[in-house]
Amino acid sequence: MARTLTIGIKSIDQALRDFGETFEAVRAGKRVSRHEGVYFTSLEAARNLLTPRRLALLRAIRSRRPGSIYELAKNVGRDLKNVQHDLQILERHGLVRMTRSRGTGKRKVKIPRAMFGAIQLKIAI
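Residues numbered from 1 in each chain as written. Predicted model: local features only at pLDDT ≥ 70, side-chain atom pairs only at ≥ 80, totals over all residues. Heavy atoms only, no water.

Chemist: Whenever I open this one, the packing of helix H3 (residues 52-64) against helix H5 (residues 80-92) confuses me. Can you help?
Modeler: Two measures define how a pair of helices packs: the angle their axes make with one another and the distance between the axes. Their axes nearest at 10 Å, the elements H3 and H5 cross at an angle of 85 degrees. Classified by the interaxial angle, the pair formed by H3 and H5 is roughly perpendicular. Contacts between H3 and H5 involve Arg 53, Arg 54, Leu 57, Leu 58 and Ile 61 on the former and, on the latter, Val 83, Asp 86, Leu 87, Ile 89 and Leu 90. Its residues placed into classes, the contact of H3 with H5 shows seven nonpolar, no polar and three charged. (Axes fitted to C-alpha atoms, helices over the stretch in contact; angles between N-to-C directions. Helix = DSSP H or I, 4+ residues; strand = E, 2+ residues; numbered from the N terminus. Parallel < 35°, antiparallel > 145°, perpendicular 65-115°, else oblique. Contact = heavy atoms within 4.5 Å. Nonpolar A, V, L, I, M, F, W, Y, C, P; charged D, E, K, R; others polar.)

Chemist: Just to check I follow, could you spell out the sheet that holds strand S5 (residues 118-123) for this structure?
Modeler: Note on sheets: strands pair through backbone hydrogen bonds, and any given pair is parallel or antiparallel. Ordered in space as S2-S1-S5, the three strands form an open sheet in which the pairing is parallel. On the outer flanks of this sheet lie strand S2 (38-40) and S5, each paired with one strand and no other. Across the sheet, the mean angle separating the axes of adjacent strands is 20 degrees when strand polarity is ignored. Two strands pair when backbone bridges link them, and strand S1 (residues 4-9) and S5 are joined in this way by six bridges, in the parallel orientation. Within S5, the position partnered with Ile 9 by the bridge is Ile 123. (Pairing = 2+ DSSP bridges.)

Chemist: Explanation requested: unusual backbone geometry in the structure shown.
Modeler: One can expect most non-glycine residues to show negative phi and most peptide bonds to be in trans. Positive phi is not limited to glycine here, since Arg 65 has a value of about 45 degrees. With respect to the helices and strands, the residue Arg 65 is situated in the loop between H3 and helix H4 (69-76).

Chemist: Explain the layout of surface pockets to me, please; I cannot follow it from the model alone.
Modeler: In this approach the atoms are scanned with a rolling probe the size of a water molecule, which exposes any empty space left behind. Its volume calculated, the largest pocket comes out at about 420 Å³. What lines the largest pocket is a set of 13 residues, and nearest its centre among them are Lys 10, Asp 18, Phe 19, Thr 22 and His 35. When residues in the lining of the largest pocket are grouped by element, the largest group, seven residues, is from helix H1 (residues 12-27). A breakdown of the residues in the lining of the largest pocket according to their chemical character gives six nonpolar, three polar and four charged. There is about 210 Å³ of room inside the second largest pocket. Every element with two or more residues in the lining of the second largest pocket is listed here: H3 and S5. Among the elements that make up the lining of the second largest pocket, the one with the highest residue count is H3 (four residues). Looking at the lining of the second largest pocket residue by residue, the class counts come to seven nonpolar, one polar and two charged. (1 Å grid on protein atoms, 1.4 Å probe; cavity = no way out; pocket = protein on both sides within 12 Å on 5 of 7 lines; lining within 4 Å. Points joined across faces, edges and corners; volume = space filled by probe spheres on them.)

Chemist: Is there a simple way to think about the environment of Pro 66 in this case?
Modeler: Within the secondary structure layout, Pro 66 lies in the loop between H3 and H4. For Pro 66 and Lys 106, which are 40 residues apart along the polypeptide, the C-alpha to C-alpha distance reads 19 Å. Setting aside anything within four residues of it in sequence, one finds Pro 66 in contact with Ala 60, Ile 61, Glu 71, Leu 72, Asn 75, Ile 111, Pro 112 and Arg 113.

This is the structure in structure tokens:
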């Protein structure tokens, strides 16, 4: 079963409170459960990460399983440099993992892998 990434929207105050509670629990030696997700302070910030082109990259990675970034760029009909930039952003947020492999000959290639099968948006009101 594919994993689901939760993207949350919460205020800076709430994020700081959550961090403080976790920090105090760790300092007191209590066990803290891991919450996997990406959190933003506004819906606009989340939209800046999940642009239509980046979502298309994630879909292409999951469905076509490209053997290189170059192959992915060809699959989605985009410039290689722009695809590399978007993949760096997605990797920094944990949505993509890049693995190295040997391509044709001695050339090494980076292979993008999507880390999640779904993205869930959670907005506190």
